[in-house]
Amino acid sequence: MIFEPDHNLASASCYANRCISLLTQHGKEKVMVPLLEQAFACQVVHVQGYDTDQLGTFTREIPRIDNQIGTARNKARIGMRLAGVSLGIASEGAFGPDPFMGIMPWNRELIVLIDDEEQIEIVGEAQGPGNHRHLLTSDWSEALRFAETAGFPEQRLIIRPDNEYDTRIQKDISEFHLYEKAFLTAAGHSRKGQVFIETDGRAHANPLRMKMISKAAQDVIKKMQSRCPACGVPGFSVVQRFPGLPCMDCGRPTRLIHAELSLCQKCGEHKKQELVYGELADPMYCDFCNP
Ligand SMILES: [Zn+2]
Ligand SMILES: [Zn+2]
């Protein structure tokens, strides 16, 4: 999907000419700042000088204490405090198994906007297949194949001896000859010559994740642009989807969505909207006709 900001909305938005703090590192500002500034004609203050890795790292040196949304919220609050503004935005990513079969790598990105003037919180989200994987090996040719499959060097790799918890980490490796050197160093530290290699989850080291962050930013922007029809506060967005669009052949409910409920968290205004993509579902989505 190509994202086209609506410039009429940009100047009409209640976020126009406002200061929004963005506490982030690892290059996420590169995708988030232009999207936000273009959509709202706002000023994004990139807050630096606070190490967000203190709130948890992908490489397990510092475990994340809060859950994903809590961590994003926390970062937004810290950014607001440091910048002295009433609007703050921050993101937090997670890698895990896919929610359907639990076997595919999956990446979910959340972006939270906190608006203290309106006393609301708007959450943007994007999720899809991720690319995290790991390998424990003593065989250099196997390590080389792993790197090629992972998309190294654009996708960075992290290397350490023995297992995922060893603290003798080598990261920010950008070339194959440095990768080989790091592999040999880690193998030398290991009693059995075993090296644990994994994909780097940090945004600047993971191009696929950077794309997901961009999608989540587009989602939060869309919600920030959507105002409540009753009170005008931003963030009027879908909170519930209703499956059960009837099957064209047998008339039974399918898993396809037929309606969405949008809600204003400020005044409680809500609207249920029937979707228009066809009144009946193709039998391919029917559990009875096409089990
Ligand atoms: Zn059917
Ligand atoms: Zn409202």
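Residues numbered from 1 in each chain as written. Chains lettered and ligands numbered in written order. Predicted model: local features only at pLDDT ≥ 70, side-chain atom pairs only at ≥ 80, totals over all residues. Heavy atoms only, no water.

**Some words on the coordination of the zinc ion (ligand 2)**
What counts here: Donor atoms are limited to N, O and S found within 2.8 Å of the metal ion, a distance that becomes 3.2 Å for Na, K and Ca. With water left out, some sites might look partial. Donor angles set the geometry label: tetrahedral for four donors if every angle is between 85 and 135 degrees, square planar for four and octahedral for six if opposite donors exceed 155 degrees and the others are between 65 and 115, irregular for anything else. The helix count covers DSSP runs of H or I at least four residues long, the strand count covers runs of E at least two residues long, and both are numbered beginning at the N terminus. Partly exposed residues are those whose accessible area sits between 20% and 50% of the maximum for their type, while under 20% is buried and over 50% is exposed, using a 1.4 Å probe and protein chains only.
Every protein donor of the zinc ion (ligand 2) is accounted for by Cys228 (SG), Cys231 (SG), Cys264 (SG) and Cys267 (SG), and the metal-donor separations fall at 2.3 to 2.4 Å. Metal-centred angles of 106 to 115° between the four donor atoms at the zinc ion (ligand 2) mark the site as tetrahedral. Between consecutive donors of the zinc ion (ligand 2), the numbers of intervening residues give the motif C-x2-C-x32-C-x2-C. Placement of cysteine 228 in the loop between α6 (207–225) and β9 (237–243) and of cysteine 264 in the loop between β10 (257–263) and β11 (270–274) is noted, with a sequence separation of 36 residues between them. In terms of burial, cysteine 228 and cysteine 264 fall into one category: buried.

**Thoughts on the pairing of strand β7 (residues 157–161)**
Each regular strand carries side chains that alternate between the two faces of the sheet. Here is the rule: Note on pairing: two strands pair once DSSP finds at least 2 bridges between them.
Across the five residues of β7, five count as buried, placing the element largely inside the fold. By the alternation rule, side chains of β7 split into Leu157, Ile159 and Pro161 and Ile158 and Arg160, which are all buried. In terms of strand pairing, β7 meets strand β8 (residues 195–199) through five bridges, oriented antiparallel. When the sheet's bridge partners are listed, arginine 160 is paired in β8 with phenylalanine 196.

**Observations concerning helix α3 (residues 68–83)**
Put simply, the rule is: In this analysis, the expected span of each helix is defined as 1.5 Å times one less than the number of residues it contains.
Relative to the 22 Å expected for 16 residues at 1.5 Å per residue, α3 spans 23 Å between its end C-alpha atoms, a close match to the ideal helical length. Where α3 ends, the next residue or the one after it, glycine 84, has phi of about 65°, a positive value.

**Some points on the pattern of salt bridges**
For clarity, the cut-off: Here, a salt bridge means any side-chain nitrogen of Lys or Arg that lies within 4 Å of a carboxyl oxygen of Asp or Glu.
Under the counting rule described, the total for this entry stands at 13 salt bridges. With its nearest N and O atoms 2.7 Å apart, the salt bridge here joins glutamate 121 to arginine 73. Within this pair, whereas glutamate 121 is found in strand β5 (residues 120–129), its partner arginine 73 is found in helix α3, the two being separated by 48 residues in sequence. In this structure, arginine 241 engages glutamate 260 in a salt bridge whose closest nitrogen and oxygen atoms are separated by 3.2 Å. One end of the pair, arginine 241, is in strand β9; the other, glutamate 260, is in strand β10, with 19 residues separating them in the sequence. Arginine 241 sits in the partly exposed class, given a relative accessible area of 49%. It is possible to trace a salt-bridge network through shared partners that takes in Asp172, Asp200 and Arg202.

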